[in-house]
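Survey of secondary and tertiary structure
The lines below spell out each chain.
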Amino acid sequence: MQMSKVNASAKTISTLVGNFKKQMSLSESIRTRLSDNYIIHVVILVVTVAFLVAPHIQGVGVNDDGSYTRVAVEQSAGNWKIESDGFTTRFLVTLPLTAAIKLGIGIKWLPVVTLLQFLCLVIFMYFLISKITGSNFFTLLGALFFASSPFLIQNATLTTGDILHNLLLSSGVLLIIFSHSDFTHTQGRKLLTAACAAMLFFASFVAKETTLFFLPVLLGLCVYQIQTCTYSKNIKCFWGVFFLTAAFLSVATLFGYHFFTGNALFLINTIVENSKFVDPSLCYDNTYALLLRVTLKPFQFMLLDFTFGISFILAVAGLFKRPKNPIQAQLKLYFVLSIVIWWVVVPLVIRPWNPIGLFHRIWMPVLIPMMLNALLYILNIQNNYNAVLNFKTKIFWCVMLAGVLVSSCISYFEYIKIGGNVLGIFLPVAVYSVCILFIILNRPQKAMLLNTPVLLIIIVLPQLAIGLLRVNQWVDGGMENQFDKSAETLRFINLNNPKLVLTDPNAARNFSVFIDGANHLNVKSYNTFYLSQIPDSSYLWINRDRHDRYIKNLPAAYNFAKTRFVVHPYLIHPTEYGFVKVFDNGSDCCYLYKKLS
C-alpha cells in the first residue's frame with residue numbers, strides 16, 4: 001500500500017517536472033523569437049510612422065474627411081439618422097471617430113484615429129511579409145518601404161476611411177490565400193477561418209462600397225484553389241462556408257436597413273444615387289479619351305507617386321518569374337486581377353459612371369498586392385543574381401525605363417500647364433532610373449554589391465526622403481486647417497445676414513460642423529439653382545481647391561453636364577454673372593450676388 005503511494009507520488013512529481021520542462025521550453029521558444037528582433041522591428045516601425053505622420057496632423061478639411069467628421073459629430077450628439085449621402089452608411093469609418101469624440105478628443109485631433117489604423121496596417125504588413133519571406137532584415141526592409149510611402153503618410157493625416165477599408169479588405173483576401181496553403185489545421189478550424197475571412201470582407205464593404213469590385217478577385221482565387229488543391233472536398237467546404245457567411249451578412253443588412261429606413265434597398269439606392277455626382281474628369285466622351293484611359297494614363301499617373309511607380313514596375317517584372325509555391329502564385333493572381341479591374345475593366349464596362357478615377361486614394365486596394373509582389377521580386381533578385389541576366393528580362397527593364405522617361409516628359413508638360421510641382425516628377429524618375437539601371441547592369445561578379453544594406457539604400461531611403469519632402473509640401477504649401485478657414489468664411493457670411501448662401505454639395509453638408517449654431521443659414525447646393533432663382537444679397541461660397549479642379553476639367557464638365565447635371569457657369573466665372581468678390585481667406589472665396597443691369 002505504501003509502495004503504491006510512493007509510486008503515485010513519484011509519478012505526480014515526474015508529471016510536474018515534465019510540465020515544468022514544457023513550460024520552460026515554451027518560454028525559451030518565446031525568448032528565442034523575441035531575440036529575433038521582432039519587438040525592436042515593430043518599435044522602429046512605430047517610431048518611423050509617428051515621426052512622419054504625427055507632426056503633420058492639421059485637423060479636418062472640407063472634402064471627404066469633413067463629411068466623415070460631420071457624421072461622427074452628429075452621431076456623438078445622438079443623431080444616428082441614415083442619409084443618402086454615402087457617408088452615414090459607412091459605419092465602420094464613422095464609429096471610431098464617434099468613439100474618439102465621446103472620449104473627449106477634439107475635432108482637430110481626430111486624424112489620430114487614422115494614424116492608429118495606419119500603424120495597425122503597417123504592423124500587419126510586417127508580420128505578413130515575415131511569413132512570406134522568413135528573412136528578418138528583409139521583413140523590416142519591406143515594412144519600412146510600406147511605412148514610408150508618401151501617399152500613405154498623407155492619407156494617415158485625414159479622417160477618411162481608406163486606410164481602414166484596405167486593412168480589412170487585404171486582411172480578408174490574404175487570410176484566404178494563406179489558409180489555402182496550410183492543411184495541418186482541423187476541418188473545423190478551416191471552416192472558422194472561412195467565416196472570419198467573409199466577415200472581414202463584408203466589414204470592408206461596410207467601410208467602403210468599392211469592395212464590390214473585388215468580387216472577381218475572390219472568384220479567381222476560388223477557381224484557382226479548387227483546380228489546384230488535392231483536398232478538393234475540403235476546399236469546396238471552405239468556399240461554401242465563405243459564401244454562405246457573406247450571404248447571411250448581406251441578408252441581415254437588408255433587414256437592418258428595412259427596419260431603420262423602411263427600405264431594404266436603401267444602401268443600393270444610395271450607391272446608385274451618388275453616381276450622379278461623380279467627378280466629370282472620370283467620364284470619357286470619346287474613343288480617344290477612353291483609349292488613353294486604359295493604356296497610357298494609368299501608367300503615367302502611377303509614376304507621379306514613388307510608391308505606386310516603383311512597386312508597379314517591380315511587381316510586373318516579377319510576373320516573368322515562375323512562382324515557387326502556391327502562396328506566391330496566388331499573390332500574383334491577386335495583383336493581376338486587381339490591377340486589371342482598376343485599370344481596364346471598370347473604365348470599359350461601367351460607363352459613364354466610373355468610380356475608379358485616376359487619384360491614388362481610390363487605387364489604394366491595388367497598392368498592397370502590388371507592394372507584396374514587388375518585395376517578392378526584390379527577394380528573388382537577392383537570392384538568385386542570375387535571374388536578371390536573361391535577354392527577356394533585360395528587354396523588359398529597358399522598355400520600362402523608356403516608359404518611365406516618356407511618361408515623365410508628358411507629365412512634365414501637363415504640370416507646366418496647371419502650375420504643378422515639377423520636382424515631384426523628376427525626383428521619383430531619378431530614383432526609378434538608378435534602381436532600374438542598377439538591376440540591368442548587375443553581374444554575378446558584382447553580386448556582393450546586392451546585399452541588404454544596398455537594398456536599404458536604393459529602395460527605402462529614397463522613398464523616405466521623398467516622403468519627408470511631400471509631407472512638408474503638403475503642410476507648407478497650403479494644407480492648412482481648412483476646418484478653421486471654413487469657419488472663418490461662415491462667420492463672415494453670418495455677420496452679413498444673407499438671404500441665401502450657395503456652395504458646392506460637399507460644403508453644404510459640412511457647414512454645420514464648422515460653426516456651432518449656424519444652422520439658421522440658408523445654405524444650398526449650387527447644383528439646384530439657376531440664376532433667375534437667386535435673390536440679391538446672396539453669397540456664393542467657393543472652395544478654392546475644388547474651384548481650380550473644375551476650371552482644369554472645364555471641357556469635360558460641360559460635356560458631362562449634357563447628360564447628368566448642370567454645372568453652372570457662374571461657378572467658373574462668378575464675376576461675369578453678377579457676382580462681386582467680397583471675401584478671400586486664401587482657402588475659400590465668397591461672392592455677393594447683384595443682378596446685372
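Here is a short report on the structure shown in this document.

About the cut-offs
- Sequence order sets the numbering: in each chain, residues are counted from 1 along the sequence as written.
- Reporting of local features is limited, given that this is a predicted model, to residues whose pLDDT is at least 70; pairs of side-chain atoms are given and counted only at 80 or more, and all residues count toward the totals for whole chains, interfaces and linings.
- Hydrogen atoms and water are omitted, and side-chain values are computed over all heavy atoms in the structure.
- Helix numbering and strand numbering both begin at the N terminus, where a helix is a DSSP run of H or I of at least 4 residues and a strand a DSSP run of E of at least 2.
- Whether a residue is buried, partly exposed or exposed follows from its accessible area with a 1.4 Å probe, protein chains only, as a fraction of its type maximum: under 20%, in between, or over 50%, in that order.
- By the convention used here, residues are in contact when the closest approach between their heavy atoms is within 4.5 Å.
- Where accessible areas are quoted, they stem from the Shrake-Rupley method and a 1.4 Å probe; at the residue level, only the protein chains shown are allowed to cover.
- Whether two strands pair comes down to DSSP finding at least two bridges between them.
- To get an axis, fit a line to the C-alpha atoms, keeping to the stretch in contact for a helix; angles then go from 0 to 180 degrees between the N-to-C directions.
- For classification purposes, an angle smaller than 35 degrees is called roughly parallel, one larger than 145 roughly antiparallel, one from 65 to 115 roughly perpendicular, and anything else oblique.
- Note on convention: near helix rotated counterclockwise from far helix by under a right angle means a left-handed crossing. Clockwise means right-handed.
- The nonpolar class holds Ala, Val, Leu, Ile, Met, Phe, Trp, Tyr, Cys and Pro. Asp, Glu, Lys and Arg form the charged class, and all remaining residues, Gly among them, are polar.
- Under the pairing criterion, centres of Phe, Tyr and Trp rings, with the six-membered ring standing for Trp, must be within 6.5 Å; the plane angle then separates stacked pairs below 30 degrees from edge-to-face pairs above 60, leaving the rest tilted.
- Only lysine NZ and arginine CZ atoms are considered, and such an atom sits over a ring when it is within 6 Å of the ring centre and within 35 degrees of the ring normal.
- Put simply, a patch holds well-exposed residues, over 30% relative accessible area, that have no salt bridge, with like charges counted together within 9 Å and Val, Leu, Ile, Met, Phe, Trp or Tyr side chains within 5 Å.
- By definition here, a salt bridge exists when the distance from a side-chain nitrogen of Lys or Arg to a carboxyl oxygen of Asp or Glu is within 4 Å.
- We call a set of buried residues a nonpolar core when its members are Ala, Val, Leu, Ile, Met, Phe, Trp, Tyr or Cys and they connect through side-chain atoms within 4.5 Å of each other.

1. Description of the overall build of the protein
- Scanning the protein from terminus to terminus reveals 25 helices and five strands.
- For the protein, the proportion of its 597 residues judged to be buried stands at 51%.
- Contacts in the protein between residues at least 24 apart in sequence constitute 77% of all its contacts with a sequence separation of at least 6.
- Just so you have it, the protein exposes about 27600 Å², and 66% of that area is on carbon and sulfur atoms.

2. Here's the deal with the sheet that holds strand E2 (residues 523-525)
- Spatial strand order, E2-E1-E3-E5-E4: five strands in an open sheet with mixed pairing. Only two strands of the sheet have a single neighbouring strand rather than two, namely E2 and strand E4 (579-584). On average, each strand axis in the sheet is tilted by 30° relative to the strand beside it, whichever way the strands run.
- Pairing analysis gives five bridges linking E4 to strand E5 (residues 588-593), with the strands arranged antiparallel. Within the sheet, the bridge partner assigned to Val580 lies in E5 and is Leu592.

3. With respect to unusual backbone geometry
- Its identity as a non-glycine residue notwithstanding, Asn497 has a phi of 50°, on the positive side.
- When you line up the elements, Asn497 lands in the loop between helix H21 (482-495) and strand E1 (500-503).
- Of note in this structure, Ser537 is not a glycine but carries a positive phi near 55°.
- For Ser537, the position within the fold is in the loop between E2 and strand E3 (538-543).

4. What to know about the packing of helix H10 (residues 215-228) against helix H16 (residues 326-349)
- It is the contact of H10 with H16, at a shortest axis distance of 9 Å, that shows an interaxial angle of 150°. The angle between the axes of H10 and H16 places the two elements in the roughly antiparallel class. Judged by the sense of rotation from one axis to the other, the crossing of H10 with H16 is right-handed. For the pair formed by H10 and H16, the contact residues are Pro216, Val217, Gly220, Leu221, Tyr224 and Gln225 on the first element and Pro326, Ala329, Gln330, Leu333, Tyr334, Leu337, Ser338 and Ile341 on the second.
- Taken together, the residues of the contact of H10 with H16 sort by class into 10 nonpolar, four polar and no charged.

5. With respect to the pairing of E5
- Most of E5 sits out of view: six of its six residues are buried.
- Because side chains alternate across E5, one face comprises the buried residues Asp588, Cys590 and Leu592, and the other comprises Cys589, Tyr591 and Tyr593, equally buried.
- Bridge count between E3 and E5: six bridges; the pairing is antiparallel. If you follow Ser538 over to E5, its bridge partner there is Tyr593.

6. Some details on the side chain of Ser76
- Along the chain, the position of Ser76 falls in helix H3 (residues 64-76).
- In contact with Ser76, not counting residues within four places along its chain, are Thr98, Ile101 and Lys102.

7. Focus: the packing of aromatic side chains
- Summed over all chains, the structure comprises 20 aromatic pairs.
- Taking the centre distance of 6.2 Å and the plane angle of 70° together, the rings of Phe214 and Tyr334 count as edge-to-face. Of this pair, Phe214 sits in the loop between helix H9 (187-207) and H10 while Tyr334 sits in helix H16, placing them 120 residues apart in sequence.
- For Phe214, a relative accessible area of 1% puts it in the buried group.
- Classification of Tyr334 by relative accessible area gives buried; the value is 1%.
- Between Phe242 and Phe243, the ring centres sit 5.3 Å apart and the planes meet at 90°, which makes this aromatic pair edge-to-face.
- Among the aromatic residues, ring-to-ring pairing joins Phe201, Phe238, Trp239, Phe242 and Phe243 into one connected group.
- Over the face of the ring belonging to Phe87 we find Arg90, whose NZ or CZ atom lies 5.9 Å from the ring centre.

8. Some details on the packing of helix H2 (residues 38-53) against helix H6 (residues 136-147)
- Remark: H2 packs on H6, axes separated minimally by 10 Å, with the N-to-C direction vectors making an angle of 15°. The pairing of H2 with H6 is recorded here as roughly parallel in orientation. Here H2 runs over H6; the crossing is right-handed. Judged by residue contacts, Tyr38, His41, Ile44, Leu45, Thr48, Val49 and Leu52 of H2 engage Asn136, Leu140, Ala143, Leu144 and Ala147 from H6.
- Here the contact of H2 with H6 is composed, by residue class, of nine nonpolar, three polar and no charged.

9. A short note on a nonpolar patch on the surface
- A surface patch of nonpolar side chains, about 570 Å² in accessible area, is lined by Leu319, Phe320, Val336, Val340, Val345, Leu348 and Val349.
- Considering the arrangement of structural elements, one finds Val340 in helix H16.
- Here Val340 falls in the partly exposed class, since its relative accessible area comes to 37%.

10. Topic: the nonpolar core
- Ranked by size, the top nonpolar core spans 106 residues in total, and within it Phe312, Trp363 and Met370 carry the most contacts.
- Sort the elements by how many residues they give to this core and helix H17 (residues 364-383) lands first, with 14 residues.
- Beyond its immediate chain neighbours, meaning those up to four positions away, Trp363 contacts Arg293, Pro298, Phe301, Met302, Phe308, Ile339, Trp342, Trp343, Ile356, Gly357 and Leu358.

11. Regarding the environment of Ala264
- Among the secondary structure elements, Ala264 is positioned in the loop between helix H11 (232-261) and helix H12 (266-274).
- Owing to a relative accessible area of 27%, Ala264 belongs among the partly exposed residues under this scheme.
- Separated by 12 residues in the primary sequence, Ala264 and Ala252 have C-alpha atoms spaced 9.9 Å apart.
- Contact partners of Ala264, with chain neighbours within four places excluded, come to Leu254, Tyr257 and His258.

So yeah, pure geometry; function would need other evidence.
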